[in-house]
Amino acid sequence: MSDIIQLLPDTVANQIAAGEVVQRPASAVKELIENAIDAGADKIRLIVKDAGKSLIQVIDNGCGMSVTDARLCFERHATSKIREAADLFAIRTMGFRGEALASIAAIAHVELKTRRVEDELGTLIEIEGSAVTRQEPAALPAGTSICVKNLFYNIPARRNFLKSNPVEMRHIVDEFQRVALAHPHIFFSLHSDDQELFHLPGESLKQRIVHVFGNTYNQRLVPVEEETTIINLKGFIGKPEFAKKTRGEQFFFVNNRFVKDPYLNHAVVKAYEGILPPDSFPLYVLFIEIDPAKIDINVHPTKTEIKYEDERAIYAILQSAVKRSLGRYNITPTLDFNQETGFSHMISPKPLEEITPPSITFNPDFNPFEHTKSGSRKQAPSPSIPQNWDTLYQITEKKGDTQLGLHGNDADVPGEHVQPAKKQPFQLHNRYIISQIHSGFILIDQQAAHERILFEQFCQQLENRQGASQQSLFPQTVTLSGPDFQLIMDLLPDIQALGFQIREFGKHTFVVEGIPADLTSGVSERQVLEQLLEDYKNNQAALKLPKREKLARSLAKHAAIKPGMALSADDMAELIDKLFACEMPNVSLNGKPIILTFTLQELSARFERD
Ligand code: ADP
Ligand code: MG
């Protein structure tokens, strides 16, 4: 047999490499912006169409390329950033592998326009699937513009594998935010389908954070700074009361490179111990400067992982620096090490108005079971579902479900003459409701039940377009980040149908004049809106629900009673009534049961002696 091993042609090798470097439009965005940063640009514009699927363009005012370099940059392992292996240990640039442009050119239509300041004419190159189709001199502004069109045009499997536009756009915005935060002195803008989502002038880090996340972040940030022989640390952390339910606002940069590091994240979160609301994630934007010789960034092709020589020391430094900052700004708990949740114990010499309460606040007097005036809320129960919980038993019995029935001929069972229900329900640990039924008892998760009730109610409001609203005495303006503003705009009719009175009010700003009647007064409009938005985005990633359902779900989750809330007997009775009036009374919004049934038979079997 003859020899069978062959070297792959470059085009094929590039395509294979592209699989690692470019997984989705956002990865191309990241590579192109990093190249612009490495080129020393202080103005970088990103333009995308169709969530990057049809166009990604990055325009910079950096150093540009010579004719030869413009041609060479698409070759694999062509880089101006390292020359020998030793350089790998002193990397200060974002790129260094010389793979990105070669990979991108292998799987897209690319147009490069570039000119160095010192050259009179620039170079235009078009390249498709690694083959140069056009190259000519051209009059161009100094700097570089790269257009990447029809990503994955020659790899249909890859193209089909891409997610919906909102999901791909989210990834792009994530990458954009990361580089924008890492380089606050650089001007960045992001246009998506002709909408300007971000316009970030060169500024300080604090201003940049505020610009990226919205005006309200100004009061949320606490500076962190620490210089040691191992690392220099600087940046900002968020006050605990603004912690979000998602990790979205956590950024580590090591030598200005965004990294994901669970270990370092743990160090920061540990510093917040005792002062964070449960299940919430504090904001942080932290920069670690470290001798490049002490880290290895070569571990992953997309370079979000790093290996450190001195992991433990870095952990300790981080944790103590964050703790100290929290302490300096009077947001650490008292020195009671055994306390559970810190808010009530917080000491603070600060004037009260400077301390913002935890962001999810509901009026404890609010009774979610009070009927609202608008009759539309009360939905007719569907015919197959009993309106009253105590008819549950009769129905199941009629169906001949002997499992549930207890007919008094089971001699071993004490107390077989069960009261024909109508006993008052009672609450267990302010969390569950126990209610007796003919065959035993049911246990209801109060939060899940209320979420279900509100969810179905909100869905109906969205359908009828008539959510009850409660006017605010003092309308509030809310300024959001570009993408969040755009999201609200997209959802506006539905948000209004839920009872929000809200309208556009200048750049990236809304004025909120009323919120849904089911939410209590005393909650800031801004908080309600922000929470809704966050929950919605949260759901967006996790669930494939229609837009409206997601919205209803977010608001229901936000407004529902939580474990720990004491309920009166009437409250409970009404909750049970409304639950059984729901279309799906036994499925929580997370797909778990809301009601557990315990039969006397089961109980007696468990008590039985052998
Ligand atoms: P790397 O960034 O790892 O060096 P790339 O494939 O991303 O590899 O880029 C190859 C080379 O092309 C870079 O080393 C740089 O010299 C040049 N280059 C790429 N983008 C730009 C740009 N926007 N401005 C100037 N030069 C660039
Ligand atoms: Mg690069």
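Each remark here, short or long, concerns the structure printed above.
Anyway, here's the lowdown on the structure attached to this text. If you're wondering where the values come from, they're calculated on a predicted model, not measured in any experiment.

Conventions adopted
All residue numbers refer to position in the chain's written sequence, counted from 1. Chains and ligands are labelled by the order in which they are written, letters from A for the one and numbers from 1 for the other. Confidence filtering applies because this is a predicted model: local features only for residues at pLDDT of at least 70, side-chain atom pairs given and counted only at 80 or more, and all residues used for totals across whole chains, interfaces and linings. Processing note: side-chain calculations cover all non-hydrogen atoms of the structure and skip hydrogens and water entirely. As a rule, the C-alpha atoms of each element are fitted with a line to give its axis, helices using only the stretch in contact, and angles between N-to-C directions run from 0 to 180 degrees. By the criteria applied, helices consist of DSSP H or I runs no shorter than four residues and strands consist of E runs no shorter than two, each listed in order from the N terminus. Here roughly perpendicular refers to angles of 65 to 115 degrees, roughly parallel to angles under 35, roughly antiparallel to angles over 145, and oblique to all remaining angles. Should the near helix be turned anticlockwise from the far one by less than a right angle, the crossing is termed left-handed; should it be turned clockwise, right-handed. Two residues qualify as a contact provided that any one of their heavy atoms is within 4.5 Å of a heavy atom in the partner residue. Strand pairing follows a simple DSSP-based rule, namely that at least 2 bridges must link the two strands. Each Phe, Tyr or Trp ring, with Trp reduced to its six-membered ring, pairs with another whose centre is within 6.5 Å; inter-plane angles below 30 degrees give stacked pairs, above 60 give edge-to-face pairs, and intermediate values give tilted ones. Salt bridges are defined by distance alone: a side-chain nitrogen of Lys or Arg within 4 Å of a carboxyl oxygen of Asp or Glu. To form a nonpolar core, buried Ala, Val, Leu, Ile, Met, Phe, Trp, Tyr and Cys residues must be joined to one another through side-chain atoms within 4.5 Å. Partly exposed describes any residue whose relative accessible area lies between the buried limit of under 20% and the exposed limit of over 50%, with all areas from a 1.4 Å probe on protein chains only and scaled to the type maximum. For this classification, the nonpolar set comprises Ala, Val, Leu, Ile, Met, Phe, Trp, Tyr, Cys and Pro, the charged set comprises Asp, Glu, Lys and Arg, and every other residue, Gly included, is treated as polar. Multiplying one less than the number of residues by 1.5 Å gives the expected span of a helix.

Some details on the packing of helix H6 (residues 165–182) against helix H7 (residues 205–213)
Okay, so step 1: Contact geometry of H6 with H7 gives a least axis separation of 9 Å together with a crossing angle of 160°. In terms of orientation, H6 lies roughly antiparallel with respect to H7. Along this stretch, H6 crosses H7, giving a crossing that reads as right-handed. Mapping the contact onto sequence places Gln177, Ala180 and Leu181 in H6 and Leu205, Arg208, Ile209, Val212 and Phe213 in H7.

A word on the sheet that holds strand E9 (residues 221–227)
Okay, so step 1: Ordered by their spatial adjacency, five strands build an open sheet running E9-E10-E13-E11-E12, and the pairing between neighbours is mixed. This sheet does not close on itself; its edge strands, each paired only once, are E9 and strand E12 (257–259). Going from strand to strand, the sheet's axes swing by 20° on average, the running direction of each strand aside.
Okay, so step 2: Where strand E11 (residues 250–254) meets E12, three bridges bridge the pair, whose relative direction is antiparallel. Following the sheet pairing, Val254 is matched in E12 by Arg257.
Okay, so step 3: With respect to the sheet, H7 is in contact with E9, strand E10 (231–238), E11 and strand E13 (284–290), its orientation differing from that of E10 by roughly 40°.

A short note on the sheet that holds strand E21 (residues 509–516)
Okay, so step 1: Pairing is antiparallel across the open sheet formed by three strands, whose spatial order is E19-E21-E20. Where the open sheet ends on each side, the last strands, each with one partner, are strand E19 (469–479) and strand E20 (501–504). The average angle at which neighbouring strand axes cross in this sheet is 15°, direction not considered.
Okay, so step 2: Two strands pair when backbone bridges link them, and E19 and E21 are joined in this way by seven bridges, in the antiparallel orientation. When the bridges of E21 are listed, Gln470 appears paired with Ile515.
Okay, so step 3: Contacting E20 and E21, helix H12 (residues 482–497) crosses the sheet at an angle of about 140° to E20.

A few points about the packing of aromatic side chains
Okay, so step 1: Applying the stated criterion across every chain, the model contains twelve aromatic pairs.
Okay, so step 2: Ring geometry for Phe176 and Phe188: centres 5.9 Å apart, planes at 80°, overall edge-to-face. Here Phe176 is found in helix H6, whereas its partner Phe188 is found in strand E7 (residues 187–192), with twelve residues between them in sequence.
Okay, so step 3: Taking 4.9 Å as the distance between ring centres and 15° as the angle between the ring planes, the aromatic pair formed by Phe441 and Phe598 counts as stacked. Placement of the pair is Phe441 in strand E18 (residues 440–445) and Phe598 in strand E22 (residues 595–599), with a sequence separation of 157 residues.

Looking at the pattern of salt bridges
Okay, so step 1: The full count for this structure, using the stated rule, is 18 salt bridges.
Okay, so step 2: Connected via shared salt-bridge partners are Arg116, Glu118 and Asp119.

Things to note about the nonpolar core
Okay, so step 1: Counting residues in hydrophobic clusters, the biggest one holds 66 residues, and the most contacted among them are Ile33, Leu46 and Phe188.
Okay, so step 2: With eight residues, the single largest contributor to this core is H6.
Okay, so step 3: In contact with Phe188, other than residues within four places in its own chain, are Ile33, Ile37, Ile44, Phe176, Val179, Ala180, His183, Phe198, His199, Leu200 and Arg208.
Okay, so step 4: Formed by 31 residues, the second largest nonpolar core is a distinct cluster that contains Val478, Ile488, Ile495 and Ala497.

A word on the environment of Ala267
Okay, so step 1: Structurally, Ala267 is set in helix H8 (residues 262–271).
Okay, so step 2: On the accessibility criterion, Ala267 (0% relative accessible area) is buried.
Okay, so step 3: Separated by 50 residues in the primary sequence, Ala267 and Ile317 have C-alpha atoms spaced 8.8 Å apart.
Okay, so step 4: Not counting chain neighbours up to four residues away, the residues in contact with Ala267 comprise Tyr315, Leu318 and Gln319.

What to know about the side chain of Asn265
Okay, so step 1: Position of Asn265 relative to the elements: it lies in helix H8.
Okay, so step 2: Those residues in contact with Asn265 that lie beyond four places of it in its chain are Arg247, Gln250, Phe252 and Tyr284.

Brief notes about the pairing of strand E3 (residues 109–115)
Okay, so step 1: Of all seven residues that make up E3, five are buried, and the element is covered over most of its length.
Okay, so step 2: In terms of strand pairing, E3 meets strand E4 (residues 122–128) through six bridges, oriented antiparallel. Of the residues in E4, the one forming a bridge with Leu112 is Ile125.
Okay, so step 3: Hairpin geometry of E3 and E4 is characterised by an intervening segment of six residues between the two adjacent antiparallel strands.

Focus on unusual backbone geometry
Okay, so step 1: Phi at Asp50 takes a positive value of approximately 60°, unusual for a residue other than glycine.
Okay, so step 2: Inspection of the secondary structure puts Asp50 in the loop between strand E1 (43–49) and strand E2 (55–60).
Okay, so step 3: Classification of Asp50 as partly exposed rests on a relative accessible area of 30%.
Okay, so step 4: Despite not being glycine, Ala51 shows a phi value in the positive range, around 50°.
Okay, so step 5: With respect to the helices and strands, Ala51 occurs in the loop between E1 and E2.

Overview of the packing of helix H2 (residues 25–38) against H6
Okay, so step 1: One can describe the packing of H2 onto H6 by two numbers: an axis separation of 8 Å at closest approach and a directional angle of 20°. Here H2 lies roughly parallel to H6, going by the angle between them. Note that H2 runs across H6; the crossing there is right-handed. Contact residues: Pro25, Ala26, Val29, Lys30, Ile33, Glu34 and Ile37 in H2; Glu168, His171, Ile172, Glu175, Phe176 and Val179 in H6.
Okay, so step 2: Residue composition of the contact of H2 with H6, grouped by class: eight nonpolar, one polar and four charged.

Section: helix H9 (residues 311–328)
Okay, so step 1: For H9, spanning 18 residues, the distance from its first C-alpha to its last is 26 Å, which sits close to the expected 26 Å at 1.5 Å a residue.
Okay, so step 2: Every buried residue belonging to H9 is among Ile314, Tyr315, Ile317, Leu318, Gln319, Ala321, Val322, Ser325 and Leu326, and all of these are buried.
Okay, so step 3: Buried-residue contacts for H9 involve E9, E10, E11, H8, E13 and strand E15 (307–308).

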